[in-house]
Amino acid sequence: MESADVIIVGAGLTGLTLARNLTQKGKHFIILEARDRIGGRIHSVDTAGGAVVEMGATWFFPHFKNLFKLLKEIKVELTDQYLKGYTLYESDRNTPARKVYSSGDDDMFRIKGGTSQIVETLYNNLDKSRVLLGQKVSEIRSTAEGMEVVSNGQVFRSSRVVTTVPPQLLAGSVSFSPALSQHVLAVLKNTHTWMGDSLKGAVAYKTPFWKEDGLSGALYSNVGPFVQLYDQCGSEGEGAALVGFMDDRIAHLPFEERRDKVIGQLVRVFGDQAGDFLEYADTVWSREQFTMDSPAVRLSRHKSNGHEVFQQAMMGGRLVIGGTETSPRAGGYMEGAVNSADNIMKMLID
């Protein structure tokens, strides 16, 4: 039976940041992660041609003060989101997209080398033997001796337990003993999961042909499938790709149909060169079993994010429900994930 001072459920940005904070305070942790990878909703993918594309969290904005502090400390750099040139606005299928010029001076940044650089750097500076992948937590219980977490039939023991998985998923996938109050459960079930209803797609190319035409690669469309699209070429010129959010009404279609509709739109908007692609990839986040419970109730964005329920420990101070959705500031974003880790640390120390 493995034990630690704190068991953390989830190896996303909150969980890994908290593990770093605990290590700095000389506390022992175990992270139990259900996926076969770290990162959670941070998910950078290598594509044909060399571009690293973001199927999950992507952007940094200047008001993300705590995330910026973390990036500085772990020496992960920012790079500009390329927006120089004409951005396209598509109102309908039969009208050419409207062009609006931008000088490229914007407060929108990406993580150099891919957003996964953040979680990989955090992970590489931890005791990796304490980060266990493929661990699906099914039960959390408070006993006279402390806390117990059941994962894949194995029992882990600790003084405290911190969950960092989306609250809605937590409510539908983990049982608690003693049971959480009906009020707490209701809040969990009615907390919006950021990215949970998103569909992201990426198309890789040999060259960023749109730049040759004076385009930024950005597209805003009322038609779809892409409703927002951006250039995601490597900051050092490695690879070319267009990546964005798609209308989730096509999520039910087979992969090949989604791909064909996307390429059709890009050819319509950018011209025939858009049809000569290297690779298409997408992620339907509602189908990610370790992000969304199934079936999950669709909620309005940011609903119950930062709810007062999440601001206090439960089970006599032994259980903390964390993660980006629980942060009162920037809930749902990477900044919210770092805020949550910092807030949790205060609760654990106090």
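The present account deals with the structure reproduced in this document.

Cut-offs used in this document
- Residues numbered from 1 in each chain as written.
- Predicted model: local features only at pLDDT ≥ 70, side-chain atom pairs only at ≥ 80, totals over all residues.
- Heavy atoms only, no water.
- Pairing = 2+ DSSP bridges.
- Helix = DSSP H or I, 4+ residues; strand = E, 2+ residues; numbered from the N terminus.
- Expected span 1.5 Å × (residues − 1).
- Buried < 20%, exposed > 50% of the residue type's maximum accessible area, 1.4 Å probe, protein only.
- Salt bridge = Lys/Arg side-chain N within 4 Å of Asp/Glu carboxyl O.
- Contact = heavy atoms within 4.5 Å.
- Polar contact = N/O pair within 3.5 Å; in protein donor to acceptor, adjacent residues only side chain to side chain.
- Core = buried A, V, L, I, M, F, W, Y, C linked by side-chain atoms within 4.5 Å.

This paragraph deals with the sheet that holds strand β6 (residues 78-80). Strand order in this open sheet of three strands is β5-β9-β6, and the pairing throughout is antiparallel. Here the strands that pair on one side only, and so sit at the sheet edges, are β5 (59-60) and β6. In the sheet, β6 pairs with strand β9 (residues 109-111) via three bridges, with the strands oriented antiparallel. Within β9, the position partnered with D80 by the bridge is F109.

Its 16 residues give helix α8 (residues 334-349) an end-to-end C-alpha distance of 23 Å, which sits within 8% of 22 Å, the value for a rise of 1.5 Å per residue. Within the sequence span of α8, burial applies to M334, E335, G336, A337, V338, N339, S340, A341, I344, M345 and L348.

Moving on, we get to the pattern of salt bridges. Evaluation of the coordinates by the stated rule reveals 12 salt bridges. The salt bridge partner of E73 is K69, with a shortest N-O separation of 2.8 Å. Note that E73 and K69 are positioned in helix α2 (residues 65-74) at a spacing of four residues, about one turn of the helix. As a salt-bridge pair, E90 and R268 come within 2.7 Å of each other at their nearest N and O atoms. You can see E90 sitting in strand β7 (residues 85-90) and its partner R268 sitting in helix α7 (residues 255-270), a full 178 residues away along the chain. Note on E90: relative accessible area 4%, which makes it buried. Overall, R268 belongs to the partly exposed group, its relative accessible area being 31%. Salt bridges here are not isolated pairs; linked through shared partners, they connect R20, K69 and E73.

Tracing the sequence through the fold places E279 in strand β19 (residues 279-284). According to the relative accessible area criterion, E279 is partly exposed, its value standing at 28%. Dropping the residues within four chain positions of it, E279 is found in contact with T47, A48, A202, V203 and A204. In this structure the side chain of E279 is engaged in a polar contact, spanning 2.7 Å, whose partner is the backbone nitrogen of A48.

By size, the foremost hydrophobic cluster in this structure holds 35 residues, and its most contacted members are L13, L18 and I118. Among the elements that take part in this core, α8 stands out by supplying seven residues, more than any other. In contact with L13, other than residues within four places in its own chain, are G39, I42, L70, I118, V119, L122, M334, A337 and V338.

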